[in-house]
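Residues per chain are reported as follows:
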There are 4 protein chains.
Amino acid sequence: MRLTLAEAQRVIDAGVKEAERIGRPMNVAVVDDGGHLVAFARMDGSIKASIDISAKKARTSILMNLPTADLADATQPGAELYGLEHLSGGLVTFGGGIPLTRDGETVGAVGVSAGSVDEDVTVAQAAVAAFQNRT
Amino acid sequence: MRLTLAEAQRVIDAGVKEAERIGRPMNVAVVDDGGHLVAFARMDGSIKASIDISAKKARTSILMNLPTADLADATQPGAELYGLEHLSGGLVTFGGGIPLTRDGETVGAVGVSAGSVDEDVTVAQAAVAAFQNRT
Amino acid sequence: MRLTLAEAQRVIDAGVKEAERIGRPMNVAVVDDGGHLVAFARMDGSIKASIDISAKKARTSILMNLPTADLADATQPGAELYGLEHLSGGLVTFGGGIPLTRDGETVGAVGVSAGSVDEDVTVAQAAVAAFQNRT
Amino acid sequence: MRLTLAEAQRVIDAGVKEAERIGRPMNVAVVDDGGHLVAFARMDGSIKASIDISAKKARTSILMNLPTADLADATQPGAELYGLEHLSGGLVTFGGGIPLTRDGETVGAVGVSAGSVDEDVTVAQAAVAAFQNRT
């Protein structure tokens, strides 16, 4: 079954709540299993660059079928996928994008951006947890 | 004062409610006074092309400081802005994008897409009305 | 269930066979329900411009959830979607792209290009028929 | 003589067969001597990012007239072609793209992506071998 707007909105709400808890305003994007945007929210005071970055993190998670954090090592100078970030319309190779899975299948992804990468990952994980627990 | 996420979300909620009322699932985007996305929702069953179109309608309303419906006549073959749609990273020249104003100043814009242009405008107007009445 | 490579290949084979029958070499592209390419074939002697055009016709059919032929009238000068072709990364607004449906749901699309639009549509219809009959 | 669709399809079939043998679903693209796509297949379960990557690997092999693996060292920080990947519309500088030659002349190229770089190269080599042996 496809990811619904109601589900995407719950994922974003959970991300926003976690971002408020850690005191860091974030951009949170949710895409479907084709990488197309379903819902998005930019919290007051968060940076504008993260509009694109959060959406691309979510899209990268779909296109690579991986959390974006898993791409960081493999794309360093000398590593085997060095240069990957320029391909497929632009991929993000640091943490903050995580696939949303249902019954073992990827049905969408969330992307979070505007804080440190650790903060982005923390917020993305809270958003994913809300999805996994409720559906 | 800047458009807040809470305000953008109210604008989207009003658009979604009107879209449900007329029975046409829509994409609704809200941008700030720089044309940068603040919030977005794609209703279940609405077309994916309208992700970009709704966001670009909102952005066009900011860049031109006009409802996008006002650009239709001026961009026809032979009219004075013929070709405008190719510029500024892509502008939409049919209805569905409307500025959000406060005290006579443009603070953001809403873009709606996925139905007929008339339906898009109807939903965008409902979204704008919710903004003007509540803030 | 997702469109498989075997299904996409059958769609392409049926398109190629029809293209041979009418004596017009074609480009045939099949995309999944997210608009992402699954299989592609360019027949010997067909024009190179149609690589992009066939893929974009298939992608447009997904993004608009319509045969691309249905967009021709609505995007003429003076019609309500005039200028649509510049949006969503480039949409094709003439015939040759058709959605592939299963149990009433769009699971992919085929795009055909290199002949006259009538020829493209004829080949695309033959490709779609092979999909609908076998699955 | 130009690369034919039948030849391109044989190259892809050999790649797909090798990919099945090693148990890693792949994207396989074949381009002509101008770098333009002739045939493409995305195996079930392989990642979507590799649609673009496999096609760009094949295209890079034509534009540089080299296997893409030969570009990895020269494009590292401090090496003489550092930054090459941004040019000519996007080049891939890791392995998986190999020219197809006939009588010492490059007539096309194959690009393989979705596994580790070693797996991609293994599958590309099997695809090339099928071309060299049969034509």
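Heads up: the structure comes first, above all this text.
Source: prediction; values computed, not measured.

Considerations on the interface of chain B and chain A
Between chain B and chain A, the residue contacts involve 15 residues of the former and 15 residues of the latter. Both faces considered, chain B and chain A share a buried interface measuring about 1400 Å² in area, 54% of it formed by carbon and sulfur atoms. At the junction of chain B with chain A, the criterion picks out 2 salt bridges. Taking the shortest distance from any N to any O, the salt bridge between B:D32 and A:R42 comes out at 2.8 Å. Between chain B and chain A we count 11 residue pairs in polar contact (both at pLDDT 80 or more) in total. If you list the elements that add at least two residues to the side of chain B that touches chain A, you get α1 (5-22) and β2 (37-42) of chain B. Examining the composition of the side of chain B that touches chain A, we find that 6 residues originate from one element, β2(B), more than from any other. A class-by-class count of the residues in the side of chain B that touches chain A yields 8 nonpolar, 3 polar and 4 charged. Across 3 bridges, strand β2 (residues 37-42) of chain A lies against β2(B) in antiparallel orientation.

Details of the interface of chain C and chain B
Between chain C and chain B, the contact holds 16 residues from the first and 18 residues from the second. Summing both sides of the interface, chain C and chain B together bury roughly 1400 Å²; the carbon and sulfur share of this comes to 63%. Among the residues of chain C in contact with chain B, C:E80, C:Y82 and C:L87 are the three that bury the most area, contributing 41% of the side total. The interface formed by chain C and chain B includes 0 salt bridges. At the junction of chain C with chain B, the criterion picks out 8 residue pairs in polar contact (both at pLDDT 80 or more). Split by residue class, the side of chain C that touches chain B holds 9 nonpolar, 5 polar and 2 charged.

Let's talk about the environment of D:A39
Relative to the helices and strands, D:A39 is located in strand β2 (residues 37-42). Along the chain, D:A39 and D:T4 lie 35 residues apart, while their C-alpha atoms are 9.8 Å from each other. Those residues in contact with D:A39, other than ones at most four positions away along the chain, are C:F40, C:A41, D:L5, D:A8, D:Q9, D:I12, D:V28, D:A29 and D:V30.

Considerations on the sheet that holds β2(B)
Paired through backbone hydrogen bonds, the strands of a sheet run either parallel or antiparallel to each other. Pairing in this open sheet of 8 strands is antiparallel, and the strands run β3(A)-β4(A)-β1(A)-β2(A)-β2(B)-β1(B)-β4(B)-β3(B) from one edge to the other. Strand pairing shows two members of the sheet lacking a second neighbour, β3 (97-102) of chain A together with β3 (97-102) of chain B, which therefore form its edges. Neighbour to neighbour, the strand axes of the sheet diverge by 20 degrees on average, direction disregarded. Along the sheet, helix α1 (residues 5-22) of chain A contacts β1 (27-32), β2, β3 and β4 (105-113) of chain A together with β2 of chain B; its crossing angle with β2(A), the most-contacted strand, is approximately 30 degrees. With respect to the sheet, α1(B) is in contact with β2 of chain A together with β1 (27-32), β2, β3 and β4 (105-113) of chain B, its orientation differing from that of β2(B) by roughly 30 degrees.

Observations concerning the relation of the copies chain B and chain A
The operation relating the pair of chain copies consists of a rotation about an axis and a translation along that axis. Take chain B, turn it by 179 degrees, move it 0.1 Å along the axis, and it overlays chain A with an RMSD of 0.1 Å. As the rotation angle and translation indicate, the two copies are arranged about a two-fold axis. Closest approach to the rotation axis among the C-alpha atoms of chain B is made by B:F40, whose C-alpha sits 2.5 Å away. A high fraction, 100%, of the interface residues of chain B reappear at the interface in chain A, so the copies pair face to face through one surface.

Some remarks on the relation of the copies chain C and chain B
Overlaying chain C with chain B gives an RMSD of 0.1 Å, the required rotation being 92 degrees about an axis along which the chain moves by 0.0 Å. Such a combination of turn and shift is consistent with a four-fold rotation axis. Among all residues of chain C, the minimum C-alpha distance to the rotation axis is found for C:P77, at 4.6 Å.

Details of the nonpolar core
Counting residues in hydrophobic clusters, the biggest one holds 64 residues, and the most contacted among them are A:L84, C:V110, D:L100 and D:V110. Beyond its immediate sequence surroundings of up to four residues, D:V110 is in contact with D:V11, D:V28, D:A29, D:V30, D:A58, D:G96, D:G97, D:I98, D:L100, D:A124, D:A127 and D:V128. Counting residues in hydrophobic clusters, the runner-up holds 63 residues, among them A:A41, A:V112, B:A8 and B:M43.

What to know about the layout of surface pockets
There is about 870 Å³ of room inside the second largest pocket. A:D33, A:E105, A:T106, C:R2 and C:D33 are the residues nearest the centre of the second largest pocket, which is lined by 29 residues in total. Here the residues of the lining of the second largest pocket sort into 9 nonpolar, 6 polar and 14 charged.

Describing helix α2 (residues 49-64) of chain D
Because each turn of an α-helix spans 3.6 residues, side chains separated by three or four positions end up pointing in the same direction. Residue and element names in this part refer to chain D. Relative to the 22 Å expected for 16 residues at 1.5 Å per residue, α2 spans 22 Å between its end C-alpha atoms, a close match to the ideal helical length. Taken residue by residue, α2 has A49, S50, I51, I53, S54, K56, K57, A58, T60, S61 and I62 as its buried positions. Downstream of α2 by one or two residues, N65 has phi in the positive range, about 50 degrees.

Concerning the sheet that holds strand β1 (residues 27-32) of chain D
What the 8 strands build is an open sheet, ordered β3(C)-β4(C)-β1(C)-β2(C)-β2(D)-β1(D)-β4(D)-β3(D); its pairing is antiparallel. Every other strand in the sheet has two partners, leaving β3 (97-102) of chain C together with β3 (97-102) of chain D as the edge strands with one partner each. Looking at each pair of strands side by side, their axes are set apart by 20 degrees on average, direction ignored. When strand β1 (residues 27-32) of chain C meets strand β2 (residues 37-42) of chain C, the two strands line up antiparallel, connected through 5 bridges. Note that in β2(C) the partner of C:A29 across the bridge is C:F40. Packing of helix α1 (residues 5-22) of chain C onto the sheet brings it into contact with β1, β2, β3 and β4 (105-113) of chain C together with β2 of chain D, and relative to β2(C) it is tilted by some 30 degrees. Each of β2 of chain C together with β1, β2, β3 and β4 (105-113) of chain D is contacted by α2(D), which is oriented at about 155 degrees to β4(D), the strand it contacts most.

Scoring rules and cut-offs
Residues numbered from 1 in each chain as written. Chains lettered and ligands numbered in written order. Predicted model: local features only at pLDDT ≥ 70, side-chain atom pairs only at ≥ 80, totals over all residues. Heavy atoms only, no water. Contact = heavy atoms within 4.5 Å. Buried area = accessible area lost by both parts, 1.4 Å probe. Salt bridge = Lys/Arg side-chain N within 4 Å of Asp/Glu carboxyl O. Polar contact = N/O pair within 3.5 Å; in protein donor to acceptor, adjacent residues only side chain to side chain. Helix = DSSP H or I, 4+ residues; strand = E, 2+ residues; numbered from the N terminus. Nonpolar A, V, L, I, M, F, W, Y, C, P; charged D, E, K, R; others polar. Pairing = 2+ DSSP bridges. Axes fitted to C-alpha atoms, helices over the stretch in contact; angles between N-to-C directions. Least-squares fit on C-alpha atoms with pLDDT ≥ 70 in both. Core = buried A, V, L, I, M, F, W, Y, C linked by side-chain atoms within 4.5 Å. Buried < 20%, exposed > 50% of the residue type's maximum accessible area, 1.4 Å probe, protein only. 1 Å grid on protein atoms, 1.4 Å probe; cavity = no way out; pocket = protein on both sides within 12 Å on 5 of 7 lines; lining within 4 Å. Points joined across faces, edges and corners; volume = space filled by probe spheres on them. Expected span 1.5 Å × (residues − 1).

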